[in-house]
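Given next are the chains, with one letter for each unit.
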Amino acid sequence: MKKYLPWIIGLVFVLWIAGRMIPPRPGPGFDFARFSQLPVLVDGRVMPMDSLARVSLSIIRGRQTYETADGKPAPAIRWLAETLMVPEHADGLRVFHVENPEVLDLFGWSDRKEKDKFFSFTELAPFRGEIQKQSELAEQTEAEVRNTFQREIIKLKNAMLLYLRLKNSIQVEGSPDFGREVEVFEQLIQPGMQAIQDRDAGREFNAPDFENLLLFTKRYQNVVQAKYAYAFPNSASGKPDEQWQPLGEALLGAISTGQISYPVRAYSQMASAYRKGDETAFNRVVGQYSQYLKQTIPRELTRPRVEVLFNQSAPFLQAMVLYVLGFLFAALSWLVWPKTLGKTGLILIAVAFALHTLGLATRMYLQGRPPVTNLYSSAIFIGWAAVLVCLVLERIYRNGIGSVCASTIGFVTLLIAYNLQLDGDTLEMLRAVLDTNVWLATHVVCITLGMSGTFLAGLLGIVYVLRGLFTTAFSEEVGKSLGRMIYGVVCFATLFSLVGTILGGIWADQSWGRFWGWDPKENAALGIVLWNAIILHARWGGYARERGVALLAVFGNVVASLSWFGVNMLGVGLHSYGFMDQAFGVLMGFIASQLAIIGLGLVPTRYWRGIKAREKPGAAASLPIPPTSPPATAVPRA
Amino acid sequence: MIDKLAKFFKPIASLKLTIICLACALVLITVGTLDQVNIGIFEAQNRYFKSFFLYFPLPGTDLKIPWFFGGYTIGGILLINLIAAHVARFKFTWKKAGIVVLHSGLILLLIGQLLTSLFQVESQMRLDQGEARNYSESFYHDELAIIDTSAPDSDQVISIPDSKLRKGNRVNLPLDSLEVALGDYYPNSALINPSQLPSPDYPHLKLGPMAVAVPVAKTYKQDERNMPAASVSVFQNGKSVGAWNLAGGFPKPITFQAGGKSYQIVLRPKRYYKPFFVRLDEFRHDRYAGTDIAKNFSSRVRLIDQNKHQDRESLIFMNHPLRYAGLTFYQAGFDNNDHTTILQVVKNPSWLIPYVSCALMALGMIVQFGMHLTSFVRRRVIA
Amino acid sequence: MITHFCALSRCAAHAPVGKSFRIAAALACRPANLALAVLLLSSCDQSKIQVYRIPKENVQVAMESGSSAIVPPPPSAPVKWTKPEGWEEQPLSEMRQGSFRASGPNGKTADISVVSFPGDAGGVESNVNRWRSQVQLPPLAGEAMGGAVQHLTANGKDALLVDVQTPNGAGKPARILGAILQTADRSWFVKMTGDPDFLESQKTRFLEFVQSFEFENTPPVAWEDGAPNTVKSTNDKQ
């Protein structure tokens, strides 16, 4: 029975997680499920409405959910529906995140004791001119040297700009019944065109017809400037660049063809139905439009559907939960019931790893690219690779250390990734210089693996120090096996970071004409190689032994975190692809913590609890640790 | 005697020195990278990595105090240390084969990088649609060019590098007994309307009725170019031939006559002439649908080399340069709303060395770590 | 594995002065010499005067006095406008991108030109003052300048309008109606000159003409990011 206990516990949690991942059954009311899947072209890629909602709300509010007028939490897609189709309601929703005190000062709101710093568009609207003016001033300073106020005001302006564009994505903002308006417009086109031709030819022309068409044209020309989400497929056009149209162009295009395209009509009817609260009509139009898409652009439908599923099941979030659970079990296994709890922990972590892998693979499918393309995906991949190595270590050493490290790194990297998600679309299109799958798959992956290894070695070093200093579970074998793990992982990290750096140099030579340009990111990669090389040489020269190597490995965390995030904060050079803000404080805190641990580790070993426990007569470590490493075999001297 | 040398030699080959050098390199890289935010990559390269020492200017004086080692010193010591270690300690056994190969690759890489930093020349070629050019221009260096245009079929260019252009300098030219005297020299200047001068005696150089040049601070920004201005007088056999104010922003040369010959004089970015022409036929800037995000940049150019009877088309795009005559042309930028392409031209005779050394290092690593892994696995199997 | 490297460190401690060392001592001199030579040779050609021959170049030369005006390269952004009724197109010159003539009763004519320069061509103030000087008016500065220009919109773009006339007694009466428009990288100047009364009759047409200006890639006028530097690197985070 005891043998099956881990599996049973594991199964219980797995089923629980699986339950959280299944999308909710569509209830009565508006068919948001189908609406979420409708494809739109945004920033060069076709995404489902659900993703547009999540990305936009992340940019504006910093979360993927919002609070309705009655204070209830609701998913992003509902907010998007309000914004797209009932903008006057959306204007009153408190979604704009403003927290910087200097920005609040601009509006005279700094003494408002709101706990949540969220404001509605209506509240911000009177200050539009001021916001515009301040952000124009701020934009004149170079991005790298802007202060917090400047960055925040630009962020707010961009959020408001995004919001305005969304409001004019499928209907003209302020239209009380866009479905009807579009029909009226369509009827006006032909007589209006006739009037224009007559006027040009100098003949008698129908002035009202002429005026009406002019009115509509002016109205829709204003919308042209708000283009962002291209919601209307344009299969009539042969050009690959014009397969999708934004609202303004779609409406004005109708003038030349003489009729409104079906997508425009469908969306306008959706808007009208939604405004009236007519659920049946809305659902019917959504269904018809989905059918239309199936017939005209079937190939563009699979990915959005998968993406909606991916968004809703949130595999990375579920993996985070399982990593935490796994950590608890594995850490507990150091105290009591090592075999059972250890195995349960391992099972949970393995399932988490499976979800982690699933998420990673889905992202690769959706983007059509190797796994690492931006900062967000690098965080996911660093965690994935480290967890994999830890699982291997656990399989070899079976002492819970691998599990604890796997769950820690898995959780932390996914948490970092979650915070990086708030900048925008994580499945974004790659700019020209990165448009090369070969180098993405080789150089970037190797560098990321090198970083992964460096962090893992650092974590093992932390385990070494903490266990040795504060617990009695630190027998010689534990120390030795930790020492070997660290050494092995550092070798792994050195290999991959050196290969990755070399590949980077070759890519740079192919791309920019020089193998090495002392670019910040190149220097950062070199820093990791140098530090790992220092650890290896120190060990080989006997200058650092078990404890020394562990402490050096912990410092590797400092080097690696500066390399990963620090360079992005510099923003100079050919490698500036991401930009961090509040992360700076977190980074400094992390570095301080690592230095503190190194400081602790420098305490002479005779004061270490774990070392002292070794000297006690008959000292089996008071915590049961199964034999770990193989007996040291005498290797013949060179 | 050999014993004394040995005593001296031991520390050079020691592992301790290696670790110290690696640590110093790490410090250098950190400081250099942080300073790049302020002084730009080009300047940071010169100060930190292409130097022997790092200096810190003593305030109030012209003295510079060295406070740390620069790239050449650290790299040099590392190189010597590596070679010495191999010679002194390593015996060439099979077991060490991996590390020997790896380190030889590293030695080759360091040497290659030294050669590159000494001999590499980077320049830019700006081509408007349809334009053909046989020269590229430096982004950082300028020249005062005096061109003898008397010959019917060729021009003779005398190029004075900007390192010689300082206020008060007199430069003797190797031809025609010409001598150039520099008056004011501004390393970076801005062109303004005379009415915009803060005061009448604000330092400036008059360039025309509508334009004067005023000195401004040197820029270190990556995409901004310094625009020099100078007041120049030319003498022949001691007699004055002419005096003009020149500015880098006015690329049209000024003509003058001296000793029966006609010349042109111009202050411009340093030019590197080539024995062939490159013509831009089409520049494409493909964007992702509905966005301004760049998908691809490409320049379709025509290479026209009359001496070598080459007249062919070539497509230069991201990660795909054109290699010809020891030069490599890369797609670097664009301007004028996609009507002008900017190609980066790199002359680097030692470009192949990193590839060879990387191959060696990869081989060495695979061998060495492979041996580790197999022995580790073997031990566990025994256990 | 570990013992290999222990052996290594032991070697480091007691390096035998063996054959390999003697060879090394002998070789040591040569690489150093080579290195020195290389370093000396590469006293960069950055600091030497160079003389070379090139094939003849057809370069436009400036006058000896060095007063070459900056000739604007052809406009990068194609611009469209609607020519008002009654204006005749005139042949373009090196400077003008558009040239028209309006004729009225009594042989009165007005000359309309469209010119563009890269960047802000000296700024609004200097150009307004240039026009002022052309009708014998004194220049303005600072706040006074603000009162002398009006704003109008052309297809969503902001345009500045200037209306100046020779003061009484300053000779032959002349009037200039000028408009200044800015795109991301160029400034456009539309100028109508002629007899003051005649210009009054043409004023509506002039305004319509200016308002009909349409530039490719017009950025939205409100909520726009700052005007970008035109030179772009292919590595830019665009």
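Residues numbered from 1 in each chain as written. Chains lettered and ligands numbered in written order. Predicted model: local features only at pLDDT ≥ 70, side-chain atom pairs only at ≥ 80, totals over all residues. Heavy atoms only, no water.

### Thoughts on the sheet that holds strand β7 (residues 178–186) of chain B
Strand pairing within a sheet occurs via backbone hydrogen bonds; the two strands may be parallel or antiparallel.
Residue and element names in this part refer to chain B.
Turning to step 1, where the next piece is worked out: The antiparallel open sheet is built from four strands, whose spatial order is β6-β7-β11-β12. Looking at which strands have only one partner, the edges of the open sheet turn out to be β6 (170–172) and β12 (239–247). Within the sheet, the average angular offset between the axes of one strand and its neighbour, ignoring direction, is 20°.
Turning to step 2, where the next piece is worked out: With three bridges joining them, β6 and β7 adopt antiparallel strand pairing. (Pairing = 2+ DSSP bridges. Helix = DSSP H or I, 4+ residues; strand = E, 2+ residues; numbered from the N terminus. Axes fitted to C-alpha atoms, helices over the stretch in contact; angles between N-to-C directions.)

### A few points about the packing of helix α10 (residues 178–200) of chain A against helix α13 (residues 262–276) of chain A
Turning to step 1, where the next piece is worked out: In contact at an axis separation of 7 Å, α10(A) and α13(A) are set at 140° when each is read in the N-to-C sense. Every residue of α13(A) that contacts α10(A) at F178(A), G179(A), R180(A), V182(A), E183(A) and E186(A) is listed here: R265(A), S268(A), Q269(A) and S272(A). (Contact = heavy atoms within 4.5 Å.)

### Quick word on helix α21 (residues 476–512) of chain A
Turning to step 1, where the next piece is worked out: With 37 residues, α21(A) ought to run about 54 Å at 1.5 Å a step, and its terminal C-alpha atoms sit 52 Å apart, in line with that.
Turning to step 2, where the next piece is worked out: After α21(A) finishes, the residue G513(A) shows a positive phi value of roughly 90°. (Expected span 1.5 Å × (residues − 1).)

### Description of the side chain of S58(A)
All names here are of chain A.
Turning to step 1, where the next piece is worked out: Position of S58 among the secondary structure elements: in helix α3 (residues 49–61).
Turning to step 2, where the next piece is worked out: The buried category is assigned to S58, whose relative accessible area is 3%.
Turning to step 3, where the next piece is worked out: There is a polar contact of 2.8 Å between the side chain of S58 and the backbone oxygen of R54.
Turning to step 4, where the next piece is worked out: The contacts of S58, once residues within four sequence positions are left out, are R63, Q64, Q421 and L422. (Buried < 20%, exposed > 50% of the residue type's maximum accessible area, 1.4 Å probe, protein only. Polar contact = N/O pair within 3.5 Å; in protein donor to acceptor, adjacent residues only side chain to side chain.)

### With respect to the environment of E200(C)
Turning to step 1, where the next piece is worked out: Within the fold, E200(C) resides in helix α5 (residues 196–211).
Turning to step 2, where the next piece is worked out: Considering only alpha carbons, one finds E200(C) and G123(C), 77 residues apart in sequence, at a separation of 27 Å.

### Thoughts on the domain arrangement of chain B
Turning to step 1, where the next piece is worked out: Parsing chain B into structural domains produces domain 1 (2–120 + 352–382), domain 2 (122–132 + 274–347) and domain 3 (140–271).
Turning to step 2, where the next piece is worked out: In this structure, domain 1 of chain B and domain 3 of chain B have C-alpha centres spaced 43 Å apart. (Domains from an automatic or database assignment.)

### With respect to a nonpolar patch on the surface
Turning to step 1, where the next piece is worked out: The grouping of Y4(A), W7(A), I8(A) and V12(A) at the surface amounts to a nonpolar patch, some 440 Å² of accessible area in total.
Turning to step 2, where the next piece is worked out: Assignment of secondary structure puts W7(A) in helix α1 (residues 5–21). (Patch = residues over 30% accessible without salt bridge, like charges linked within 9 Å, V, L, I, M, F, W, Y side chains within 5 Å. Areas by Shrake-Rupley, 256 points an atom, 1.4 Å probe, with all protein chains shown as cover. Salt bridge = Lys/Arg side-chain N within 4 Å of Asp/Glu carboxyl O.)

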